[in-house]
Amino acid sequence: MRLIRLFPDDSKFRFVRWRVLSYPFSAAISVMTIVLFVTMGLNFGIDFTGGTLIEIQAKTGKADPGVVRSLAQSFEVGDVEVQEIGSAGDISVRFRTQPGGEAAQSALVQRARAAFEKDYNIRRVETVGPRVSGELVQSGTLGVVLAIFAVLAYLWFRFELQFAIGAIIGTLHDIVLTLGFFVITREEFNMTSIAAILTIVGYSLNETVVVFDRTRELLRKYKNLPTPELLDLSINSTMSRTVMTATTTALSLLALVLFGGQAIQGFANVMLFGVVICTYSAIFVSSPMLIYLGVKTSARAAADDILAEIERAG
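The structure contained in this document is the topic of the report that follows.

Reading the values: rules and limits
Residues numbered from 1 in each chain as written. Predicted model: local features only at pLDDT ≥ 70, side-chain atom pairs only at ≥ 80, totals over all residues. Heavy atoms only, no water. Helix = DSSP H or I, 4+ residues; strand = E, 2+ residues; numbered from the N terminus. Buried < 20%, exposed > 50% of the residue type's maximum accessible area, 1.4 Å probe, protein only. Contact = heavy atoms within 4.5 Å. Areas by Shrake-Rupley, 256 points an atom, 1.4 Å probe, with all protein chains shown as cover. Expected span 1.5 Å × (residues − 1). Patch = residues over 30% accessible without salt bridge, like charges linked within 9 Å, V, L, I, M, F, W, Y side chains within 5 Å. Salt bridge = Lys/Arg side-chain N within 4 Å of Asp/Glu carboxyl O. Core = buried A, V, L, I, M, F, W, Y, C linked by side-chain atoms within 4.5 Å. Pairing = 2+ DSSP bridges.

**Observations regarding the overall build of the protein chain**
1) Next: Counting secondary structure elements, the protein chain contains 10 helices and 4 strands.
2) Next: Buried positions account for 41% of the 314 residues belonging to the protein chain.
3) Next: The long-range share in the protein chain, meaning contacts at least 24 apart out of those at least 6 apart in sequence, stands at 77%.
4) Next: When the accessible surface of the protein chain is totalled, it reaches about 16,800 Å², and 63% of it is carbon and sulfur.

**So, helix α8 (residues 227-259)**
1) Next: When the terminal C-alpha atoms of α8 are compared, their 45 Å separation across 33 residues agrees well with the 48 Å that a helix rising 1.5 Å per residue should span.
2) Next: Note on α8: the residue one or two positions beyond its end, G261, has a positive phi of about 90°.

**Observations regarding unusual backbone geometry**
1) Next: For R186, which is not glycine, the phi dihedral falls at a positive 60°.
2) Next: Structurally, R186 can be placed in the loop between α6 (161-185) and α7 (191-221).

**Regarding a nonpolar patch on the surface**
1) Next: On the surface, F13, W18, V20 and L21 cluster together into a nonpolar patch covering about 400 Å² of accessible area.
2) Next: Here F13 falls in the partly exposed class, since its relative accessible area comes to 38%.

**Some words on the environment of S234**
1) Next: Mapped onto the elements, S234 comes out in helix α8.
2) Next: Residue class for S234 comes out buried when judged on its relative accessible area of 0%.
3) Next: For the pair S234 and F212, spaced 22 residues apart in sequence, the C-alpha separation works out to 7.9 Å.
4) Next: Excluding residues that lie within four positions of it along the chain, S234 makes contacts with V211, R214, T215 and L218.

**Let's talk about the nonpolar core**
1) Next: Formed by 50 residues in total, the largest nonpolar core has its most connected members in L155, F159, F163, F189 and I235.
2) Next: Here this core takes 12 residues from α7, the largest share from any one element.
3) Next: The contacts of F163, once residues within four sequence positions are left out, are F212, T215, R216, L219, L290 and V295.
4) Next: The next biggest cluster of nonpolar side chains, apart from the first, holds 17 residues, and it includes A58, A72, F75 and Y120.

**Comments concerning the environment of S252**
1) Next: Structurally, S252 can be placed in helix α8.
2) Next: The partly exposed category is assigned to S252, whose relative accessible area is 46%.

**Side note on the pairing of strand β3 (residues 90-95)**
1) Next: By the criterion of burial, β3 is predominantly enclosed, with 6 of the 6 residues buried.
2) Next: Burial along β3 is two-sided: the residues D90, S92 and R94 and I91, V93 and F95 are all buried.
3) Next: Summarising the sheet, strand β1 (residues 51-58) and β3 pair through 6 bridges and their orientation is antiparallel. Pairing of T52 across the sheet is with F95, part of β3.
4) Next: When strand β2 (residues 80-84) meets β3, the two strands line up antiparallel, connected through 5 bridges. Looking across to β3, one finds that Q83 is bridged to S92.

As C-alpha cells, this is what we get:
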C-alpha cells in the first residue's frame, strides 16, 4: 500500500530565492499592521471593555439590525453596538458599562429583556464590570508577554545564536500578522483571542524547529554546499511533513469555522489564519534569514576565513 504524499520527496524547488519577494511583502504587511494598530486599535470585546453583551435571535427567522439598533438606542444609555452574527436572524447588542455599578447594569439587562423578548429569543447575556475588565486586560497582557519571553528563552538555549535569532524573527513576524488580522477584520479581541495567539506562537515555533533541525543535520553532512542550496534542501526534505501538518490542521479548523457555532468561531478564524501564516513564515521568512545571519557549512566558513586573512595580509 502506497503512502499518500502531498509533496514529492525528491522535490528540488528553490524556495530561498523567493526571499526577494517574501521579505518586502512581509515588511510591508508588518508596517501596515503597526500603523493600523496605532490608528484604529483592536476591537476589544466585553472581556476587556466592560459592559453588557446580549445575543438575540429573531423568532420569525429574520432580524433587522437597524430596528434593533433604534430600539437599543431608545434606552438612552450611551453608545450601543449592534451587529449580525452567524445566520441572518442572530444579532448581538453591546452596551457600555453604566454608571451606578452592578445595580445599573442589572436594571439595563431587565429593561433590554422586556424590550426584546416579544420578537426575539434571548440566547446569551453576559455582564463584565469595569474592575473585572481592567484585571483581565492586565492578566491577559502579562500572560502573553511572559509566554513570548519563555518561547524566546527556549529558542535561545535550543539553537545556536543564528538559528535562535532566525526563529525569534519568524515568531515575532507571526504575532504581528496575527494582530493585523484582528485589526483589519475587526474580529472581536477577547480572552479567547489571547488563547489563539498563544497557540499560534506554539505552532509557529514547531514549524520553524522542524526545518531548523534538518538544516543543522545537513550542515554536518554537506561540508561544501552553498548556504542557499543547503536551505532549499532542508525545506524540501521537510516539506511533505509541513504540508501534511498544515493541511490536516486547516481542515479541522475549517470544520470548526463552518459548523462549530458562534462560541468558537472567532477562535477558529484566527487559528485558520495562523496556520497559513506560520507555514509561510517557516519557509519564506525564518529559513532564508539564516543567509543574512551568516550560517555556513564548516568548509565554506573555513574558506571564507582564509580569504579574509589573505585580504588583510595583502
